[in-house]
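Below are the chains, spelled out letter by letter.
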Amino acid sequence: MNKEQLCPDYIFESSWEVCNKVGGIYTVLSTRAKTLQDKLKDKIIFIGPDFWKDKESLYFREDKTLFAQWQREAKEQGLNVRVGRWTIPGEPIAVLVDFNPFFEKKNEIYTWLWENFQVDSLHAYGDYDEASMFSYAAALVVESMYKHLNNPSLNVVYHANEWMCGLGALYIKKKVPQIGTVFTTHATSIGRSIAGNQKPLYDYLFAYNGDQMADELNMQSKHSIEKQTAHNVDCFTTVSDITARECLELLDKPVDVVLPNGFDNSFVPKTQIFNLKRKQARKKMLSVANALLGEELDDETIIVSTSGRYEFRNKGIDVFVEAMNRLLRDRDLKKKVLAFIVVPGWVGEPRQDLMERLNSNEKFTTPLEVPQVTHWLHNMGHDNVLNMMKFYDMHNRHEDNVKVVFLPCYLDGKDGIMNLTYYDVLLGNDLCIYPSYYEPWGYTPLEAVAFKVPCITTDLAGFGMWVNKELGRDGEIADGVKVIHRTDYNYSEVADIIKDTVAYYSGLTDKEKDKCRKNAEKLSKKALWSEFIKYYYEAYDIALRKAAVRAAL
């Protein structure tokens, strides 16, 4: 950070995903934490929901000695908190708060929110109440800790992530005006909803009215809290240029700073272990496929995959299946392709028949029943991936040069079939494909290139736009990232370009592939947190300066 910028003495940051691994924001916060912890030394404090109570959590280690006096004060104030360390690189302090006691004050809180900020909570449903009560509880934690510090000269920032933490940011702005407030929307609730409802988002973005669309899509309350938070905090931010445009059109507010999502590559294995883990991953992926399909796919097979949340259209899972179907008939394909769809579905249990085959040393020449999926699903007949494969008659027949396998579970190393973590499986790929339609940033392609796996993405993903900006042109696979131009209406063209790129890649020499992998890694290093953290300091500076003006009034 530069000398003129105001530096925070304390940063309080709240998110639904603090010590709660449910989505991409977990990756944003957990990989950025070490960079801030190195700079601020326990003055960065994360606040998350306490779902664990007395149960042990993989992500949190309680420490009753941290802020021991404040913990006693908090208890007297009716706050049920646990303080400890978030078990991630840097091990920052985390405060987990039980928000359930505030449900009985819900109407009173919403009335206050309406009277002070005109937030419409009348149409609340689903996760709105739960998120709001957590957000309120998190703000009470910040207010209480700030008063405990009892030092008006401190520069303090409160950083709220997503609409789920908006209420808390508004509370702090009103009740503790000395604290600078930052709000990051990682995706507008309306933008995601428009895209998820099969409506064209980008060609009509200029014409959409956010408030009107919120009424139409029954999103009034989420949109209202998000919009009012954006308009009222000291510094409004988002994660990419593409989402910044969305914010301007749908929330009627330009962002103050774009905070691109960086990566911490400290846990990417070093060369010798990397090569060993890659070999092990490929061996396991091929053995799972061979047992399922009754095949003998060898290490010459090109392994590709797509992954992420199960948003069939938004994440481009539909276009991935389409591309693999077209690749089946492509005469330019030089090698066999094994394509994995690594997307957590409504998973039931690992397949016993597949486990039995994996535990035996036999070679099998006949496929299992339903040779497209590794775990049984609760909704086999209504699953989008399986239905699309069925529609296209993609049954992984022996003569097919492209085999598509749906791995519908969360890869934590204990799924019963693959038994490897997501990053270990990622290592085994030759190419990763993320043809997103709606993707504010896109961690999956960034993670892929950090693990030296070239990838395909689109310029509707914030990461894809960043790659093009960095290169000064559209990314090609030789650069490590192929960036496809995607619009509301060129689905078929995107599928063809993916098909052609995989076919082209299958014909590359080992030397050419190695160059792609090196370029992928080189590009990932430009997206490390050490490169991107400066944008956060800019946001903190804006927030602190506005808070200083308020405090002087």
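A brief look at the structure comes next. Remember, it's a predicted structure, so these values are computed and weren't measured experimentally.

1. Some thoughts on helix α9 (residues 241–250)
Argument step 1. Taken together, the buried positions of α9 are Ile242, Thr243, Ala244, Glu246, Cys247 and Leu250.
Argument step 2. In the stretch just after α9, aspartate 252 is the one whose phi turns positive, near 55 degrees.

2. So, unusual backbone geometry
Glycine aside, the phi torsion of most residues is negative, and most peptide linkages are trans.
Argument step 1. Of note, the phi angle at asparagine 396 is positive, near 50 degrees, even though the residue is not glycine.
Argument step 2. Mapped onto the elements, asparagine 396 comes out in the loop between α13 (384–391) and β14 (402–407).
Argument step 3. Its identity as a non-glycine residue notwithstanding, lysine 452 has a phi of 65 degrees, on the positive side.
Argument step 4. Mapped onto the elements, lysine 452 comes out in the loop between α15 (443–450) and β16 (455–458).

3. Regarding the side chain of glutamate 311
Argument step 1. Mapped onto the secondary structure, glutamate 311 falls in the loop between β10 (302–307) and α11 (317–327).
Argument step 2. When neighbours within four sequence positions are excluded, glutamate 311 is seen to be in contact with Arg192, Gly316 and Ile317.

4. Thoughts on the sheet that holds strand β5 (residues 93–97)
Argument step 1. In spatial order, the strands read β3-β4-β5-β2-β1-β6-β7-β8-β9; together these 9 strands make up an open sheet with mixed pairing. Each edge of the open sheet carries a strand with a single partner, namely β3 (60–62) and β9 (257–258).
Argument step 2. Of the strand pairs in this sheet, β3 and strand β4 (residues 81–86) are connected by 3 bridges, and their pairing is antiparallel. Bridging across to β4, glutamate 62 finds its partner in glycine 84.
Argument step 3. Strands in contact with helix α1 (residues 24–40) are β1 (10–14), β2 (44–49), β4 and β6 (156–161); relative to β2, the strand with the most contacts, it is inclined by about 155 degrees.

5. Side note on the sheet that holds β10
Argument step 1. The 6 strands are arranged β14-β11-β10-β15-β16-β17 in an open sheet whose pairing can be described as parallel. Of all the strands in the sheet, just β14 and β17 (481–484) have a single pairing partner and so form its edges. Neighbour to neighbour, the strand axes of the sheet diverge by 25 degrees on average, direction disregarded.
Argument step 2. In terms of strand pairing, strand β11 (residues 337–342) meets β14 through 6 bridges, oriented parallel. Along β14, the bridge assignment pairs phenylalanine 340 with valine 405.

6. Some details on the pattern of salt bridges
Argument step 1. In total, this model carries 36 salt bridges according to the counting rule given.
Argument step 2. Arginine 282 serves as the salt-bridge partner of aspartate 299, at 2.8 Å between the closest nitrogen and oxygen. With aspartate 299 in the loop between α10 (271–293) and β10 and arginine 282 in helix α10, this residue pair connects regions lying 17 residues apart in the sequence.
Argument step 3. Accessibility expressed as a relative area gives 6% for arginine 282, which makes it buried.
Argument step 4. Two residues, aspartate 353 and arginine 351, come together in a salt bridge whose shortest N-O distance is 3.0 Å.
Argument step 5. Under the relative-accessibility criterion, arginine 351 is labelled buried at 0%.

7. As for the side chain of serine 121
Argument step 1. Considering the arrangement of structural elements, one finds serine 121 in the loop between α3 (106–117) and α4 (128–149).
Argument step 2. When near neighbours in sequence (up to four residues on either side) are disregarded, serine 121 contacts Tyr110, Leu113, Tyr128 and Ser221.

8. Some words on helix α19 (residues 529–552)
Argument step 1. Given a rise of 1.5 Å per residue, 24 residues ought to cover 34 Å, and the 34 Å separating the end C-alpha atoms of α19 matches this to within 8%.
Argument step 2. Turning to α19, its buried residues are Trp529, Phe532, Ile533, Tyr536, Tyr537, Ala539, Tyr540, Asp541, Ala543, Leu544, Ala547 and Arg550.

9. Things to note about the environment of aspartate 63
Argument step 1. By the element assignment, aspartate 63 lies in the loop between β3 and α2 (68–76).
Argument step 2. Between the C-alpha atom of aspartate 63 and that of threonine 366, which follows or precedes it by 303 residues, the distance is 55 Å.
Argument step 3. Apart from residues no more than four positions distant in its own chain, aspartate 63 is found in contact with Gln71, Val83 and Gly84.

10. Quick word on the packing of α3 against helix α5 (residues 166–175)
Argument step 1. In the contact formed by α3 and α5, the axes pass within 11 Å of each other and the chain directions differ by 65 degrees. Between α3 and α5 lies a crossing whose hand is left-handed. Within the contact between the two elements, α3 uses Ile109, Tyr110, Trp112, Leu113, Asn116 and Phe117 and α5 uses Leu167, Leu170, Tyr171, Lys174 and Lys175.
Argument step 2. Tallied by class, residues from the contact of α3 with α5 come to 8 nonpolar, 1 polar and 2 charged.

11. A closer look at the pairing of β4
Argument step 1. Within β4, 6 of the 6 residues are buried, which leaves the element mostly enclosed by the surrounding structure.
Argument step 2. Relative to β5, β4 is paired through 5 bridges, and the arrangement is antiparallel. Paired with glycine 84 across the bridge in β5 is alanine 94.
Argument step 3. Counted along the chain from β4 to the antiparallel partner β5, the turn is 6 residues long, and its residue glycine 90 has a positive phi close to 95 degrees.

12. Thoughts on the packing of aromatic side chains
Argument step 1. For the coordinates displayed, the defined rule picks out 35 aromatic pairs.
Argument step 2. Where phenylalanine 532 meets tyrosine 535, the ring centres are 6.2 Å apart and the plane angle is 50 degrees; that geometry is what we call tilted. Here tyrosine 535 and phenylalanine 532 lie together in helix α19, a separation of 3 residues that amounts to about one turn.
Argument step 3. The exposure class of tyrosine 535 is partly exposed, given its relative accessible area of 28%.
Argument step 4. Between lysine 39 and the ring centre of tyrosine 537, over which it is positioned, the NZ or CZ distance is 6.0 Å.
Argument step 5. We note lysine 452 situated over the ring of phenylalanine 274; from NZ or CZ to the ring centre the distance is 4.3 Å.

Parameters at a glance
Residues numbered from 1 in each chain as written. Predicted model: local features only at pLDDT ≥ 70, side-chain atom pairs only at ≥ 80, totals over all residues. Heavy atoms only, no water. Buried < 20%, exposed > 50% of the residue type's maximum accessible area, 1.4 Å probe, protein only. Helix = DSSP H or I, 4+ residues; strand = E, 2+ residues; numbered from the N terminus. Contact = heavy atoms within 4.5 Å. Pairing = 2+ DSSP bridges. Axes fitted to C-alpha atoms, helices over the stretch in contact; angles between N-to-C directions. Salt bridge = Lys/Arg side-chain N within 4 Å of Asp/Glu carboxyl O. Expected span 1.5 Å × (residues − 1). Left-handed = near helix turned anticlockwise from the far one by under 90°. Nonpolar A, V, L, I, M, F, W, Y, C, P; charged D, E, K, R; others polar. Phe/Tyr/Trp six-rings, centres within 6.5 Å; stacked < 30°, edge-to-face > 60°. Lys NZ or Arg CZ within 6 Å of the ring centre and 35° of its normal.

Purely geometric stuff here, so don't read any function into it on its own.
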